[in-house]
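# Coordinate analysis (summary)
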Amino acid sequence: MQAIIFANRLGDELPPLNQYYCPALLPVGNKAVIDYTLEDIASSGITQIKLVISPQAKEIEQHLGSGKRWGVEIEYFLSKPEEETSAVLKRLSLDAQDKLLLARGDIFRSPSIAQFIEFSKAFPDNFVQAKMANQNAGMMLLPAALPHIADLNWPLCHQSNDEAVVTLVLHGHCCMLDSFQSYMDTNLSLAANEFPSLTPMERSYNSANPEQDFYVGAKARTGQLNEQQGWGILGENAWIDPSVTMKNCILVGNDCQVDKGSILNNCLVLPHTYVGEGLEVKDSILCKNLLINVRTEGVIEIDDQALIGSCEMAVKGGTNKTGLITRFLLFILLTMSLPLWPLLQAVSIINSYGVKNSGKNKSDSPKDSLSESAFGARITQSYQDNLGHTFQTWKWNISPMILALMPQLYYVISGRLDLFGSSPQISYSHGQATDRLGVFGPVQLLLDESAPQEERALLALEFQANNDSTKYLSLIWRSLRADSQSLGFNHRGSKQRGSMSEFKS
């Protein structure tokens, strides 16, 4: 037996959320809706699937691939958005006598396909209509269902009984996901473990509520969950500040960040979303820059990234590439270096005093990104971390540059930057989707602040493309050599610290 899955809904019921997700890819419990259908079909023993797609076809195909994850083979067919089932079947040139399972893959239902097929076998000449939670469950079996295939068109109609129909009432939940309230309720019900056949797969942790637990994904970072009155699902790579308060049912998606002091009350935070510091939200769906109030169905598009926004940097780069052991060693190194800081600060002041007296190169450093403190340390105004958030940091006006950047190791220890990576200066790094931002890199160590932005970008891209396993050691060596060659020169831009030609050699 083969299966034909329809995933060609437009999602016009959920604007503007459908700008980011077509219905088949909507996350429910941090898993796409269509994943549940594929799992259900695979468990029934069907391995051959024809998948009918239309909107965001490329995204669906990239997400599902060949179907190997589920032990099935998927063949894709393009259709018009929400095209009638009969028209699609005609173009597929199917044998009218073949036994085929038809199912919608863009609604959410409890696992039930195996039960439906087994029951239908007892009535080979009758159309078996599947109902779940008093709704059309969006599946049927051919050839007996041919006269009724219009029942699978979107929007699903309520099936009517007649003499030639056998009705199977399936136990479980069937959610159309055709409103914000429906979508929200489905997610929060799963997070509250109200679907017995769909227990969250994440690790279980006790909350302060004796009847509900938290389910936490891999590499998620949180505070003490047993002190929270809320419960729910916290996705993979989610970062939730220990000071965040969670009330009632909460679902936080993969690769999200919830900043300090925020209050989440009965909320759904979709993947790759940043929730700003001190923000209080209730009965809401948050998706990147969208804030959707479920009660009023009001939608606000927020332009202020400090409130809510996209965590694209976290998605593109994933978690910090610098391992926990390395970060722990850096913490020890930084702690041991603290007694030397007064001396380094004194040298930095002397260097700055010499620069001011020389009167040279006063305009070398970019006005919009660098300023000099009263203590001789340079403060960088326009930096960002791997979560896409801006921050302020500084370095000493000393040589070697590796030593000058030592205060920024704090951001490696805290997980906001990598040890090695592209410069976090927004003026040339922003928008480069593949960049991982770090304290040390070719731009930071080999180029001066006066170097043209184009040269900085080219050097960073060239370093990324270098697959040599020793490129980091080579970078450090070249940096130290550049520092030794620049002794006696002005450190604020009178001599460029390196060049691309030297780096390539």
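Higher on the page you've got the structure.
First things first, this report covers the structure right here in the doc. On a predicted model such as this, the values are computed, not experimentally measured, just so you know. (Residues numbered from 1 in each chain as written. Predicted model: local features only at pLDDT ≥ 70, side-chain atom pairs only at ≥ 80, totals over all residues. Heavy atoms only, no water.)

## Comments concerning helix H5 (residues 180-191)
So the rule is basically this: Helix numbering and strand numbering both begin at the N terminus, where a helix is a DSSP run of H or I of at least 4 residues and a strand a DSSP run of E of at least 2. Every helix has an expected span of 1.5 Å times one less than the residues it contains. Relative accessibility thresholds used throughout: buried, under 20% of the residue-type maximum; exposed, over 50%; partly exposed, between the two (1.4 Å probe, protein chains only).
Compared with an ideal rise of 1.5 Å per residue, which puts 12 residues at 16 Å, H5 spans 16 Å between its outermost C-alpha atoms and is within 8% of the ideal. Burial of H5 is extensive: 10 of the 12 residues sit out of reach of the surface. Taken as a whole, H5 has its buried residues at Phe 180, Ser 182, Tyr 183, Met 184, Thr 186, Asn 187, Leu 188, Ser 189, Leu 190 and Ala 191. Looking one or two places after H5, you find Asn 193, whose phi comes out positive at around 60°.

## Details of the pairing of strand E8 (residues 139-142)
Keep this limit in mind: By definition, two strands form a pair when at least two bridges between them are found by DSSP.
A two-sided burial pattern is seen for E8, the buried positions comprising Met 139 and Leu 141 on one face and Met 140 and Leu 142 on the other. As judged from the 4 bridges shared by strand E4 (residues 100-104) and E8, these two strands associate in the antiparallel manner. Counted as the bridge partner of Ala 103 is Met 139 from E8.

## Things to note about the pattern of salt bridges
As a reminder, the rule being used: Salt bridges are counted wherever a side-chain nitrogen of Lys or Arg sits within 4 Å of a carboxyl oxygen of Asp or Glu.
The final tally for this structure, using the stated rule, is 6 salt bridges. Measuring nitrogen to oxygen at the nearest pair gives 2.9 Å for the salt bridge that ties Arg 295 to Asp 283. Of the two residues, Arg 295 sits in the loop between strand E20 (290-293) and strand E21 (298-301) while Asp 283 sits in strand E19 (residues 280-287), which places them 12 residues apart along the sequence.

## Quick word on the sheet that holds strand E7 (residues 135-136)
Going by this rule: Any pair of residues with heavy atoms lying within 4.5 Å of one another is described as a contacting pair. Note on method: axes are straight lines fitted to C-alpha atoms, helices fitted across the in-contact stretch only, with angles between N-to-C directions ranging 0 to 180 degrees.
One open sheet holds the 3 strands; their spatial order is E7-E6-E9, and the pairing between them is mixed. Of all the strands in the sheet, the pair left with one neighbour each is E7 and strand E9 (165-170). Two strands pair when backbone bridges link them, and strand E6 (residues 127-132) and E7 are joined in this way by 2 bridges, in the antiparallel orientation. Across the sheet, residue Met 132 finds its bridge partner in E7, namely Gln 135. Against the sheet, helix H4 (residues 113-120) makes contact with E6 and E9, and its axis sits at roughly 150° relative to E9, the strand it touches most.

## As for the nonpolar core
Spelled out, the test is: Only buried Ala, Val, Leu, Ile, Met, Phe, Trp, Tyr and Cys residues count toward a nonpolar core, and they belong to the same one when joined by side-chain atoms within 4.5 Å.
By size, the foremost hydrophobic cluster in this structure holds 40 residues, and its most contacted members are Leu 51, Leu 64, Leu 101 and Phe 116. Beyond its immediate sequence surroundings of up to four residues, Leu 51 is in contact with Ile 5, Ala 7, Ile 34, Ile 60, Leu 64, Ile 74, Glu 75, Tyr 76 and Phe 77. Counting 31 residues, the second largest nonpolar core, distinct from the first, contains Leu 26, Val 33, Tyr 36 and Leu 177.

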